[in-house]
Amino acid sequence: MSFNIFKQLNADAQEGSSANAAEAAATTNVPVETPVSAHDDFDWSVDKRNVTSYSADEKTKYDAVYEGTFKQINDGEMIQATVESLTKTDAVVNIGFKSDGLISLNEFRDIPGGVKVGDVIEVMVVEKEDREGNLHLSRKNARTTRAWERIVEVHKTGEIVTGLVTSKTKGGLIVDVFGMETFLPGSQIDVKPVTDYDQFVNKTMEFKVVKINEAIKNAVVSHKALIESDIEAQRAEIMGKLEKGQVLEGTIKNITDFGAFLDLGGLDGLLYITDISWGRINHPSEVLKMDQKLNVVVLDFDDDKKRISLGLKQLTPHPWDTLSEGLKEGEIVKGKVVNIEDYGAFLEIMPGVEGLVHVSEITWANTPINAKEFFKLGDEYEAKVVTLDKDTRKMSLSIKQLTEDPWSNIETVFPEGSRHKGVVKNITPYGVFVELATGIGGMIHISDLSWLKRFNNPNEYTKVGENIDVVIMHIDKEGRKLQLGHKQIEEDPWNTLESTFPVGSIHEGTVVKKDDKGAVVQLPYGLEGFAPARHLAKEDGKTVVAEETIPFMVIEFDRNDKRIVLSHTRIWEQVIEEEKQAVAKERKAEAEQTKKAVKNLQSKVEKSTLGDLGVLADLKAKMESNAAAENKEETKGE
């Protein structure tokens, strides 16, 4: 382009020179003599490249003219552009730069009917020159930038904007505001919980920009904020007219485990589960339904916190106030179990009227009863009214009083010393509770389970639900208690065991349990004995271990305390002692024989010789040595 301009300027200069010469000739009217030369028609100011030479001033002038025909642009600049032409995929736009730019037709999809030649649009200069030297423009970036500037502005001013819901996303909706995508959370769609987001897609709605993120250019909008601002005025009006005891109409908008929220016409109120019905209900949904309209009474309200407590049951009289006059103490009623506590169960006689069956009024038996195991929610029982107080609205009931007290003739049915069969109902560390008949039961102490065995816990002997034979040992009619025994079914074997297991007798025994104190040993006839730890040592230095069968000696037998003390160590110690005593006895006999021999010799010899004296001295020394050894063995044995 620069080369063509200079060529044109050179041609213009030559044409101007010819015109000046002709004008001068016409003015003087004097013939001009022109020398004939072969180079008269050659322009010496044009070089061999056919480029005219200019002075410095002329170059500056023409450079300024050239530069003035182009715009200076920068990357990221927003600029107006004109659509010059359209291709199948792009629009050719002119921004007055040295080259035109291309913009994809996809960026014009928001224009109804599409873009046309001659349309003036705003674009952003993405790059003056990309890697291929082309001008890179974008209408989408320009729209996004302008939209973000507008969103930031309305966020500051609080202005209401209009947007189109374009699609659904996780947790909310996507809204097009000013051509930019924004996020509408599900909780900000409406004051009521919304579950179906699809119903809002492709709808145009009003929003308020509630949050922006400058770093990532993200905005959050809310439709709920607009509704709340309208409702706030209604709330203030309603709160100003509220009074306790006032009856209002409301619509159920939400049901929870603890109650229901009602829309009172722009203001929410809470109907607690305890204020729904005079009777007990497990969940509000048993009585209420979503979007149900009903009248409620204002129980309390807080102007500051905008909280209103509502009641439904208060619109009807309390059931205790309308209780039938025919209901008196001693009457038999029927009720449903509505609540179970450790101390008893509550039976609902009629909605809002309940009576307590205490654990002591369940059965005539004196055995402990767990109310939570005996009763089940929803079960129905007949009961007798024991006490009735309409002023305090309390009633006590009894199930056991529907039948005759079995303890009234206990001495006749279960006399002391009689034998019976019962069912194990409960086991404690100290005994077994046995039921003999409905309402009649007693306890077998752990020491009365067996004559021979000692138990750490009764469950080692019997289990709940098993049958067991018992003997009535004592009756406490006033305390409604029976003392039972099981081992008393048989005679006390300890009377005859003393002859079978005398002290010093040896028996085979098996160690069934061992600890630091000693071992429990199983003996014949089911008898158990105890061997202290110091009596468990073996002859080889080792110790008796559990489950080992080995001889034991009875070293103590106590019939009164039902105790046998055993020892394995005493057996081999006694054998060693017997061997020592046998040796000592043999030496003693030998010494006696020697003494007798000496005496016989002395009686026969009348006069001793020196040789005889020597023999006698040897015998004496031998006798003294034997006597000393004998004394030493006896001392050691003791």
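Within each chain, residues carry numbers counting from 1 in the order of the written sequence. Residues qualify for local features only when their pLDDT is at least 70, as the model is predicted, and side-chain atom pairs are given and counted only at 80 or more; totals for whole chains, interfaces and linings, by contrast, use all residues. Think of the side-chain values as coming from all heavy atoms in the structure, minus any hydrogens and water.

Quick look at the overall build of the protein chain
And then number 1: Only DSSP runs of H or I reaching four residues or more are called helices, and only runs of E reaching two or more are called strands; each is numbered from the N terminus. The helix and strand inventory of the protein chain stands at nine helices and 30 strands.
And then number 2: Burial here depends on accessible area, computed with a 1.4 Å probe over protein chains only, as a share of the maximum for the residue type. Under 20% is buried, over 50% is exposed, and the range in between is partly exposed. Split into buried and exposed, the 638 residues of the protein chain put 33% on the buried side.
And then number 3: Throughout, a residue-residue contact means that at least one pair of heavy atoms, one from each residue, lies within 4.5 Å. Long-range pairs, those at least 24 residues apart, make up 59% of the contacts in the protein chain between residues at least 6 apart in sequence.
And then number 4: With an accessible surface of roughly 39900 Å², the protein chain has 49% of that area assigned to carbon and sulfur atoms. Surface accessibility follows the Shrake-Rupley procedure with a 1.4 Å probe radius. Residue values consider only the protein chains on display as shielding.

Thoughts on the layout of surface pockets
And then number 1: Within this model, the largest pocket holds a volume of roughly 700 Å³.
And then number 2: The definitions used throughout rest on a 1 Å grid laid over the protein atoms alone, on which a cavity is an enclosed set of points accommodating a 1.4 Å probe that cannot get out and a pocket is an open set flanked by protein within 12 Å on both sides along at least five of seven lines; lining residues are those having an atom within 4 Å of a point. Lining the largest pocket are 26 residues, and of these Lys453, Arg454, Phe455, Val520 and Glu528 lie nearest its centre.
And then number 3: Only strand 26 (506-514), strand 27 (518-522), strand 28 (528-532) and strand 30 (563-567) provide two or more residues apiece to the lining of the largest pocket.
And then number 4: Classifying every residue of the lining of the largest pocket gives ten nonpolar, five polar and eleven charged.
And then number 5: Of the volumes computed, that of the second largest pocket is approximately 500 Å³.
And then number 6: Along the walls of the second largest pocket sit 15 residues, with Arg109, Asp110, Arg143, Asp176 and Gly179 positioned nearest its centre.
And then number 7: Listing elements by their share of the lining of the second largest pocket, those giving two or more residues are helix 3 (139-157), strand 6 (160-169), strand 7 (172-177) and strand 8 (180-185).
And then number 8: At three residues, the largest contribution of residues to the lining of the second largest pocket is made by helix 3.
And then number 9: Residues are grouped as follows: Ala, Val, Leu, Ile, Met, Phe, Trp, Tyr, Cys and Pro are nonpolar; Asp, Glu, Lys and Arg are charged; all remaining types, including Gly, are polar. Of the residues belonging to the lining of the second largest pocket, the class tally is four nonpolar, four polar and seven charged. Grid points are joined across faces, edges and corners, and a volume is the space filled by probe spheres set on the points.

Looking at the pairing of strand 20 (residues 394-398)
The two faces of the sheet receive side chains in turn, since in a regular strand these alternate between them.
And then number 1: DSSP calls a pair of strands paired once it identifies at least 2 bridges connecting them. Pairing between strand 18 (residues 353-358) and strand 20: two bridges, direction parallel. Looking across to strand 20, one finds that Leu356 is bridged to Ser396.
And then number 2: Where strand 19 (residues 380-389) meets strand 20, five bridges bridge the pair, whose relative direction is antiparallel. Along strand 20, the bridge assignment pairs Lys384 with Ser398.
And then number 3: Where strand 19 folds back onto strand 20 in an antiparallel hairpin, the turn is made up of four residues, including Arg393, whose phi is positive at roughly 55 degrees.

Notes on unusual backbone geometry
And then number 1: At Asn202, a position not held by glycine, the phi torsion is positive, near 70 degrees.
And then number 2: Within the secondary structure layout, Asn202 lies in the loop between strand 8 and strand 9 (204-213).
And then number 3: Given a relative accessible area of 60%, Asn202 falls into the exposed group.

Quick notes on the confidence of the model for the protein chain
And then number 1: Note on scores: pLDDT gives the predictor's confidence for each residue, bounded by 0 and 100. Summarising the model, the protein chain shows a mean pLDDT of 80, and 84% of its residues fall at 70 or more.
And then number 2: Low pLDDT, under 50, characterises residues 1-32; the predicted model gives this stretch twelve contacts beyond four residues in sequence or across chains.

Some points on the sheet that holds strand 25 (residues 481-485)
And then number 1: On the basis of which strands lie adjacent, the closed barrel formed by five strands has the order 21-22-23-25-24 and mixed pairing. Taken pair by pair, the neighbouring strands of this sheet meet at an average axis angle of 50 degrees, ignoring direction.
And then number 2: The pairing of strand 22 (residues 431-437) with strand 23 (residues 440-445) spans six bridges and is antiparallel. Within strand 23, the position partnered with Ala437 by the bridge is Ile440. Every axis in this analysis is a line fitted to C-alpha atoms, fitted for helices over the stretch in contact. Angles between the N-to-C directions lie between 0 and 180 degrees.

Describing the sheet that holds strand 1 (residues 78-86)
And then number 1: Pairing within the closed barrel is mixed, and its five strands lie in the order 1-2-3-5-4. If you compare each strand with its neighbour and ignore which way they point, the axes differ by 50 degrees on average.
And then number 2: Alignment of strand 4 (residues 120-127) against strand 5 (residues 135-138), held across three bridges, turns out to be antiparallel. Bridged to Val125 within strand 5 is Leu137.
And then number 3: The sheet contacts of helix 3 involve strand 1, strand 3 (101-104), strand 4 and strand 5, and relative to strand 4 the element is tilted by about 100 degrees.

Notes on the pairing of strand 7
And then number 1: Burial within strand 7 is extensive, with five of its six residues counted as buried.
And then number 2: When strand 7 meets strand 8, the two strands line up antiparallel, connected through six bridges. Within strand 8, the residue paired with Asp176 across the bridge is Glu181.

Focus: the packing of aromatic side chains
And then number 1: Each aromatic pair joins two rings of Phe, Tyr and Trp (for Trp, the six-membered one) with centres within 6.5 Å, and gets the label stacked for planes under 30 degrees apart, edge-to-face for over 60, and tilted for any other angle. Evaluated as defined, the whole model comprises six aromatic pairs.
And then number 2: Taken together, a centroid distance of 5.2 Å and an interplanar angle of 75 degrees make the contact between Phe375 and Tyr381 edge-to-face. Like Tyr381, Phe375 is buried.
And then number 3: Through a chain of ring-to-ring contacts, three or more aromatic side chains come together here, namely Phe374, Phe375 and Tyr381.
And then number 4: Throughout this description, the term charge over a ring refers to an Arg CZ or Lys NZ atom that lies within 6 Å of the ring centre and within 35 degrees of the ring normal. Geometry around Phe346 places Arg280 over its ring, the cationic atom sitting 5.7 Å from the centre.

What to know about the pattern of salt bridges
And then number 1: Whenever a carboxyl oxygen of Asp or Glu lies within 4 Å of a side-chain nitrogen of Lys or Arg, that contact is scored as a salt bridge. The full count for this structure, using the stated rule, is 18 salt bridges.
And then number 2: The salt bridge involving Glu122 is made with Arg146; its shortest N-O contact spans 2.6 Å. Of the two residues, Glu122 sits in strand 4 while Arg146 sits in helix 3, which places them 24 residues apart along the sequence.
And then number 3: With its nearest N and O atoms 3.5 Å apart, the salt bridge here joins Lys372 to Asp342. Here Lys372 is found in helix 5 (residues 371-374), whereas its partner Asp342 is found in the loop between strand 16 (332-341) and strand 17 (344-350), with 30 residues between them in sequence.
And then number 4: By relative accessible area, which is 56% here, Asp342 ends up exposed.
And then number 5: Salt bridges linked by common partners bring Glu122, Arg146 and Glu149 together as one network.

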